[in-house]
Amino acid sequence: DSGVTQTPKHLITATGQRVTLRCSPRSGDLSVYWYQQSLDQGLQFLIQYYNGEERAKGNILERFSAQQFPDLHSELNLSSLELGDSALYFCASSVGGQGNTGELFFGEGSRLTVL
Amino acid sequence: GENVEQHPSTLSVQEGDSAVIKCTYSDSASNYFPWYKQELGKRPQLIIDIRSNVGEKKDQRIAVTLNKTAKHFSLHITETQPEDSAVYFCAASKGGILTGGGNKLTFGTGTQLKVEL
């Protein structure tokens, strides 16, 4: 158990819909990262937050947005869903900042299926 | 930004043989290089990591080497076993750096390792 909690574990929805994925980082971790992994693909970095502020943005579509709340949990919002958005979405956390050792701790992922 | 290339994409070895996976990175400021093992449908799990002030690190059957000058690092698995079969990802980051997306991991494209009996 990494200490990172993601919900829901599985989600099936239709094209055009909107979903929200939730992540609770490890206790004490200030940084949250979102990654997308499509079938047989690598881990694509989407976005990073540190202590409530956006820190880095990767290949995140405009239809996607995220935020980190004061209690440090994060949500990834996916809207106007397309078939190609079907993927495993991983959240990871780290201590963050200059005290960071570099290691990321991954949650179990949320598997999104768009029909 | 950082770019990590990983080879080979697939690797088949006989049980007991060694396996080597190689990665190169582009950003000379990267200082943290982890390797993750991912089984089908599961989360990536850290198996070993190395920092830029170290050239080699070993943990039982697994070792990682780093060549900062050439900007490449490698994973070595000896005496492979069927349970080593999985996808392995290398990654790089600028750990401890606040700006420019520091700490985020950039992953290689993965290597599907198959250990055959």
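Residues numbered from 1 in each chain as written. Chains lettered and ligands numbered in written order. Predicted model: local features only at pLDDT ≥ 70, side-chain atom pairs only at ≥ 80, totals over all residues. Heavy atoms only, no water.

Caption draft 1: Focus on the pairing of strand E4 (residues 31–37) of chain A. All names here are of chain A. Buried residues dominate E4, accounting for 7 of its 7 residues. Neither face of E4 is open: one carries Ser31, Tyr33, Tyr35 and Gln37, the other Val32, Trp34 and Gln36, and all of them are buried. The hairpin formed by E4 and strand E5 (residues 44–50) contains 6 residues between the paired strands, and Asp40 there has a positive phi angle of roughly 55°. (Buried < 20%, exposed > 50% of the residue type's maximum accessible area, 1.4 Å probe, protein only. Helix = DSSP H or I, 4+ residues; strand = E, 2+ residues; numbered from the N terminus. Pairing = 2+ DSSP bridges.)

Caption draft 2: Looking closely at the nonpolar core. By size, the foremost hydrophobic cluster in this structure holds 23 residues, and its most contacted members are Trp35, Phe73, Leu75 and Leu113 of chain B. Of all elements in the fold, only strand E2 (10–14), strand E3 (19–25), strand E4 (32–38), strand E5 (45–51), strand E7 (62–67), strand E8 (72–77), strand E9 (86–92) and strand E11 (111–116) of chain B reach the threshold of two or more residues within this core. In this structure, Val19, Ile60, Leu78 and Leu81 of chain A belong to the second largest nonpolar core, which totals 21 residues. (Core = buried A, V, L, I, M, F, W, Y, C linked by side-chain atoms within 4.5 Å.)

Caption draft 3: Structural context of the packing of aromatic side chains. Applying the stated criterion across every chain yields a total of 13 aromatic pairs over all chains. Aromatic pair Phe90 of chain A and Phe106 of chain A: ring centres 6.2 Å apart, planes at 85°, arrangement edge-to-face. With a gap of 16 residues between them, Phe90 of chain A in strand E9 (residues 87–94) and Phe106 of chain A in strand E10 (residues 105–106) connect regions that are remote in the sequence. Through pairs of rings, three or more aromatic residues link up here, namely Tyr35, Phe45, Phe90 and Phe106 of chain A together with Tyr36, Phe89 and Phe107 of chain B. The residue whose ring lies beneath Arg26 of chain A is Phe105 of chain A, and the NZ or CZ to ring-centre distance is 3.6 Å. (Phe/Tyr/Trp six-rings, centres within 6.5 Å; stacked < 30°, edge-to-face > 60°. Lys NZ or Arg CZ within 6 Å of the ring centre and 35° of its normal.)

Caption draft 4: The sheet that holds strand E1 (residues 5–7) of chain A, seen in detail. Residues and elements named next belong to chain A. An order of E1-E3-E8-E7 is seen for the 4 strands of this open sheet, with the pairing classed as antiparallel. Since the sheet does not close on itself, it has two edges, and those belong to E1 and strand E7 (64–68), each with one partner. Ignoring strand direction, the axes of neighbouring strands in this sheet form an average angle of 15°. By the bridge criterion, 5 bridges tie E7 to strand E8 (residues 74–78) in an arrangement that is antiparallel. What sits directly across from Ser65, in E8, is Asn77. (Axes fitted to C-alpha atoms, helices over the stretch in contact; angles between N-to-C directions.)

Caption draft 5: Representation of the layout of surface pockets. In this structure, the largest pocket occupies an estimated 910 Å³ of space. Along the walls of the largest pocket sit 49 residues, with Gln37, Gln41, Gly42 and Leu43 of chain A together with Phe89 of chain B positioned nearest its centre. Element by element, the count of residues in the lining of the largest pocket is highest for E9 of chain B, at 4 residues. For the lining of the largest pocket, a count of residues per class yields 15 nonpolar, 26 polar and 8 charged. When its volume is computed, the second largest pocket comes out at roughly 180 Å³. In this structure, the second largest pocket is lined by 13 residues; those nearest its centre are Lys37, Glu39, Gln45, Ile47 and Tyr88 of chain B. Elements with a minimum of two residues in the lining of the second largest pocket: E4 and E5 of chain B. It is E5 of chain B that provides the largest number of residues to the lining of the second largest pocket, a total of 3 residues. (1 Å grid on protein atoms, 1.4 Å probe; cavity = no way out; pocket = protein on both sides within 12 Å on 5 of 7 lines; lining within 4 Å. Points joined across faces, edges and corners; volume = space filled by probe spheres on them. Nonpolar A, V, L, I, M, F, W, Y, C, P; charged D, E, K, R; others polar.)

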